[in-house]
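Report on the structure
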Amino acid sequence: MEKILWGSSTNAQQYEGAWNEDGKGKSIADVRVLPHNYSDFHIASDGYHRYQEDIALYKKMGFSIYRFSIAWSRIFPNGDDETPNIKGLEYYDNVVNALIKANITPVATLYAYDLPVSLLDRFRGWTSRKTIDAYQHYVDTIFEHFKNRIKFYVPFNEPNLYHVDAEYIAGNKHLSTQELWQGEHHLALAYAHACIDCHRIDPSAKIGPNCAFMVNYPSSADPKSVASAQQNMYLTDYAYLDLYVHGYYPKFFLNHLAEQNVKLQINPGDMDLLKNAQPDFISSTYYATYISGGSYAADDKVVKNKSFEFQGGLVQRNDSTPNPFTSETEWGWTIDPLGFYYQLMDIHERYQLPILILENGMAHTEQMDEHHKVYDDYRIDYLREHIKQLKRAINNGVDIIGYLTWSAIDLHSTREGFVKRYGFIYVDREEHNLRTLKRYPKKSFYWYKQVIASNGENLSDNKIEY
């Protein structure tokens, strides 16, 4: 197999902590209150103070690429300040320079669920074109400051899901359906500005959209079920990538909006801007597959929620329609490596752009043993089978830039707090007890090190010393 980049990912609000230090402004992540007694994002993995230690561990694992996100409110505390916060730029300078010194290619996501609260309060966030202007000023500052150092940029994290979980686009504001979809249009315009400006300011960098590309299966051969699965993929995947890659809204998507009595305000020049975006690649995230048009074995299979108790709180796993042909994670997400192959082949055949896989992984509740070890063989099994399908896609012509897992290190889940762990590195904290915050490699750390060293050829865990 041709050599690709190997690494992993984090996001600022889930990893950094230091939510009010060194001039950082509040973001919508900083003021979120999660249900079920989950912790807040204020400390997270304490990466702001421990990034050097973490990057040293990434280097030890052999990473050749690493995705982090930049917290907008760390650079511009109010979102649209005239001048950037020097301390914020210094932090990301230190991160990027440490990565380069470790021979790890930096990938920066420019926005991941953390709109500055000031923009939400003053302009209702993404419902206003003033937020587009503020975003453009922010990203242009980043492109100028990190010119020739950051090699890959992703303007938005999973923007095709923002309307599904309105909190990420609306924060604590209640938005109408019209406002939500208008906000999505403004996100697309902001994305286009980022692509155009990145190419102008730093021609050495590459930039492209991200899509949480959701593979949907029909529940049966019933044509209605097949059509339902197809429609879900059209509306959740293709509509966004058609817009981000080709610069147009598909008719089926506009019809869908019309059925919700939504009519986008598209100003003169908007569509020309989108057509001129010209992305260099597509980045994808992949975790699970979904079923449309009913449930398999609906009459004889009842799915009940598992729950996990901690410190008086209740952790609920995700509900999902069961698929008897796949297993599932502890959190109720299907484990479907073949769906990963489906995703990669589908994106490749439809859009003919290189693919950078930004996230792929599985969560589990975990505790260290008395020797500070975590034997996460389930994670190794999950990643092994997905990497096999990655190699199959590459062999069948898919142009893969790199494979990044989620996540490099244990961090705060966007919905389920710190009890839901994804990393190769265990962070010694509990949901409401910060403990030591020390880092301890899991068994998967040493397995992934072996995978990287062999460019994906050695996937065995038989001889791992741990």
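Values in this document were obtained by computation on a predicted structure and should not be read as measured data.

1. Examining the nonpolar core
Within the largest apolar cluster, 136 residues are counted, with the highest numbers of intra-cluster contacts made by Tyr135 and Tyr153. At twelve residues, the largest contribution of residues to this core is made by helix α8 (residues 177-201). Excluding residues that lie within four positions of it along the chain, tyrosine 135 makes contacts with Trp72, Leu110, Tyr111, Trp126, Pro155, Phe156, Ala190 and Ala194. Formed by nine residues, the second largest nonpolar core is a distinct cluster that contains Val107, Val154, Leu358 and Leu404.

2. Comments concerning the pattern of salt bridges
What the rule picks out here adds up to 26 salt bridges. The closest approach of N and O atoms between arginine 439 and aspartate 54, which form a salt bridge, is 2.8 Å. In this pair, arginine 439 sits in strand β17 (residues 439-441) while aspartate 54 sits in helix α2 (residues 47-61), placing the two residues 385 residues apart along the sequence. By relative accessible area, which is 7% here, arginine 439 ends up buried. Between arginine 384 and aspartate 461 there is a salt bridge whose closest N-O contact spans 3.1 Å. Of this pair, arginine 384 sits in helix α13 (residues 377-395) while aspartate 461 sits in the segment after α14 (443-453); the two residues are 77 residues apart in sequence, bridging distant segments of the chain. Both residues of the pair, arginine 384 and aspartate 461, count as buried.

3. Things to note about the pairing of strand β8 (residues 282-286)
The side chains of a regular strand alternate, residue by residue, between the two faces of the sheet. Among the five residues of β8, five are classified as buried, and the element is accordingly described as predominantly covered. Residues Ile282, Ser284 and Tyr286 line one face of β8 and the alternating positions Ser283 and Thr285 line the opposite face, and both faces are buried. As paired strands, strand β6 (residues 210-211) and β8 are joined by two bridges and run parallel to one another. By the bridge assignment, asparagine 210 is partnered in β8 with serine 283. With five bridges joining them, β8 and strand β14 (residues 355-360) adopt parallel strand pairing. When the bridges of β14 are listed, serine 283 appears paired with leucine 356.

4. Describing the pairing of strand β2 (residues 65-69)
Counting buried residues in β2 gives five out of five residues, a clear majority hidden from the surface. Because side chains alternate across β2, one face comprises the buried residues Ile65, Arg67 and Ser69, and the other comprises Tyr66 and Phe68, equally buried. Of the strand pairs in this sheet, strand β1 (residues 5-9) and β2 are connected by three bridges, and their pairing is parallel. By the bridge assignment, serine 9 is partnered in β2 with arginine 67. Pairing of β2 with strand β3 (residues 105-109) involves five bridges; the strand directions are parallel. Across the sheet, residue tyrosine 66 finds its bridge partner in β3, namely proline 106.

5. So, the confidence of the model for the protein
On average, the protein scores 92 in pLDDT, and the residues at 70 or more come to 93%. Segment residues 295-320 is flagged for pLDDT under 50; beyond a separation of four residues in sequence, or across chains, it makes 63 contacts in the model.

6. Considering the sheet that holds β6
The strand order across the open sheet formed by nine strands is β5-β4-β3-β2-β1-β15-β14-β8-β6, and the pairing between neighbours is parallel. The open sheet has two free edges, formed respectively by β5 (206-207) and β6, since each of these has just one partner strand. The pairing of β1 with strand β15 (residues 400-406) spans five bridges and is parallel. Bridged to tryptophan 6 within β15 is tyrosine 403.

7. With respect to the packing of α2 against helix α4 (residues 86-101)
Viewed as axis vectors pointing N to C, α2 and α4 meet at an angle of 10°, and their least axial separation amounts to 10 Å. Taken together, the axis directions place α2 and α4 in an arrangement best described as roughly parallel. In this structure, α2 uses Gly47, Tyr48, Tyr51 and Ile55 to contact α4, whose residues at the interface are Lys87, Tyr91, Asn94, Val95, Ala98 and Leu99. Among the residues forming the contact of α2 with α4, the class breakdown is seven nonpolar, two polar and one charged.

8. What to know about α8
Given a rise of 1.5 Å per residue, 25 residues ought to cover 36 Å, and the 36 Å separating the end C-alpha atoms of α8 matches this to within 8%. Summarising burial for α8: 19 of the 25 residues are buried, a large majority.

9. What about unusual backbone geometry?
With an omega of 0°, the peptide bond between tryptophan 406 and serine 407 qualifies as cis. Among the secondary structure elements, serine 407 is positioned in the loop between β15 and β16 (425-427). Despite not being glycine, alanine 18 shows a phi value in the positive range, around 50°. We note that histidine 372 has phi near 60°; this positive angle belongs to a residue other than glycine. Along the chain, the position of histidine 372 falls in the loop between β14 and α13.

10. Considerations on the environment of phenylalanine 123
Here phenylalanine 123 shows up in helix α5 (residues 117-123). Judged by relative accessible area, which is 19%, phenylalanine 123 ranks as buried. Once residues within four sequence positions are removed from consideration, phenylalanine 123 is found in contact with Asp80, Ser128, Lys130 and Thr131.

11. Describing the side chain of histidine 348
Summarising the element assignment, histidine 348 is placed in helix α12 (residues 337-351). Separated by 3.5 Å, the side chain of histidine 348 and the backbone oxygen of glycine 397 make a polar contact.

12. Overview of the packing of helix α9 (residues 223-246) against α12
The description of two packed helices rests on the angle between their axes and on the distance between the axes. Two elements in contact, α9 and α12, have axes whose closest approach is 12 Å; the angle formed by their N-to-C orientations is 40°. Classified by the angle their axes make, α9 and α12 are oblique. For the crossing formed where α9 meets α12, the hand is right-handed. Of the residues in α12, those in contact with Met233, Tyr238, Leu241, Asp242, Val245 and His246 of α9 are Tyr342, Asp346, Arg350 and Tyr351.

Rules behind the numbers
- Residues numbered from 1 in each chain as written.
- Predicted model: local features only at pLDDT ≥ 70, side-chain atom pairs only at ≥ 80, totals over all residues.
- Heavy atoms only, no water.
- Core = buried A, V, L, I, M, F, W, Y, C linked by side-chain atoms within 4.5 Å.
- Buried < 20%, exposed > 50% of the residue type's maximum accessible area, 1.4 Å probe, protein only.
- Helix = DSSP H or I, 4+ residues; strand = E, 2+ residues; numbered from the N terminus.
- Contact = heavy atoms within 4.5 Å.
- Salt bridge = Lys/Arg side-chain N within 4 Å of Asp/Glu carboxyl O.
- Pairing = 2+ DSSP bridges.
- pLDDT = per-residue confidence, 0-100.
- Axes fitted to C-alpha atoms, helices over the stretch in contact; angles between N-to-C directions.
- Parallel < 35°, antiparallel > 145°, perpendicular 65-115°, else oblique.
- Nonpolar A, V, L, I, M, F, W, Y, C, P; charged D, E, K, R; others polar.
- Expected span 1.5 Å × (residues − 1).
- Polar contact = N/O pair within 3.5 Å; in protein donor to acceptor, adjacent residues only side chain to side chain.
- Left-handed = near helix turned anticlockwise from the far one by under 90°.

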